Amino acid sequence: MNAHFLSAHERKQLLAELQRVYGVDDVPYLFLETNKERLRAFSGDLTREEIMEIDEIARIELVGTYFAKPEYGLRLSFDMMQLIGKKISKSILELTEEQAHEWMRGNGLALESEKGIHVIKHGEDFLGCGYSDGQKLWNFVPKERRIRTRAR
């Protein structure tokens with residue numbers, strides 16, 4: 001496996017960043033970092049040692065769920081927002097219905113906000129993460145999750 005489990009110190013730093021940016025106090029996962037500079041979260045019953053033993057036999061490529069990328073601070077994955085969304089209390093930008101439609105088409109928005117990474121919501125729905133430079137919100141919704149427009 002081309003990944004390593006986060007040490008206790010690295011986990012502590014990650015949880016501190018989750019608290020600082022998103023207001024999330026704790027998440028009950030084992031964390032791994034892949035060579036693609038992505039963090040993955042595992043919540044199963046296997047221990048680190050058991051996962052490594054299985055990897056020696058069967059070559060595990062991926063374990064757990066894509067959690068975040070340490071880009072622009074700490075950018076949560078689309079799936080992880082759905083899992084820990086109720087714990088997020090900071091860095092939330094609420095969009096109007098019209099803005100949400102534009103956002104889900106993959107477009108950025110001309111929107112004044114605090115500079116940094118934000119969780120994007122419309123009502124109760126989490127729509128992804130974006131980065132604001134203060135004047136524009138840059139879209140990170142994966143292409144496969146965007147609303148497709150028909151070619152004319």
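Up top is the structure.
These lines cover the structure that appears in this document, whether it is placed above or below. (Residues numbered from 1 in each chain as written. Predicted model: local features only at pLDDT ≥ 70, side-chain atom pairs only at ≥ 80, totals over all residues. Heavy atoms only, no water.)

### Observations concerning the pattern of salt bridges
This is how the line gets drawn: Take a side-chain nitrogen of Lys or Arg and a carboxyl oxygen of Asp or Glu: if they are within 4 Å of each other, that pair is a salt bridge. Every helix listed is a DSSP run of H or I at least four residues long, and every strand listed is a run of E at least two residues long, numbered separately from the N terminus. A 1.4 Å probe rolled over the protein chains alone gives each residue an accessible area, and that area as a share of the maximum for its type sets the label: buried under 20%, exposed over 50%, partly exposed in between.
Inspection of the entire model under this criterion finds four salt bridges. Across the pair aspartate 26 and arginine 11 runs a salt bridge whose closest N-O atoms are separated by 3.7 Å. Taken together, the positions of aspartate 26 in the loop between helix H1 (8-22) and strand E2 (30-34) and arginine 11 in helix H1 put the pair 15 residues apart, joining distant regions of the chain. One salt bridge in this structure joins arginine 20 and glutamate 17, with 2.8 Å as the shortest N-O distance. A residue pair is termed a helical-turn pair when its members lie 3 or 4 positions apart in one helix, as arginine 20 and glutamate 17 do in helix H1 at three residues. A relative accessible area of 54% places arginine 20 in the exposed class.

### Brief notes about the packing of aromatic side chains
Quick note on the threshold: In this scheme Phe, Tyr and Trp rings, the latter by its six-membered ring, pair at centre separations within 6.5 Å, and the angle between planes marks the pair as stacked below 30 degrees, edge-to-face above 60, and tilted otherwise. Placement of a positive charge over a ring is assigned whenever Lys NZ or Arg CZ falls within 6 Å of the ring centre and within 35 degrees of the normal to the ring plane.
The tally for this structure, following the rule as stated, stands at four aromatic pairs. Seen from their ring centres, phenylalanine 31 and phenylalanine 67 are 5.0 Å apart, and the 65° between their planes marks the pair as edge-to-face. On the criterion of sequence distance, the pair formed by phenylalanine 31 in strand E2 and phenylalanine 67 in strand E4 (residues 65-69) is long-range, its members being 36 residues apart. You'll find phenylalanine 31 and phenylalanine 67 in the same group, each marked buried. One cation-aromatic arrangement involves arginine 38 over tyrosine 66; the distance from NZ or CZ to the ring centre is 4.4 Å. Here the guanidinium or amino end of arginine 75 rests over the ring plane of phenylalanine 140, the centre of that ring lying 4.3 Å away.

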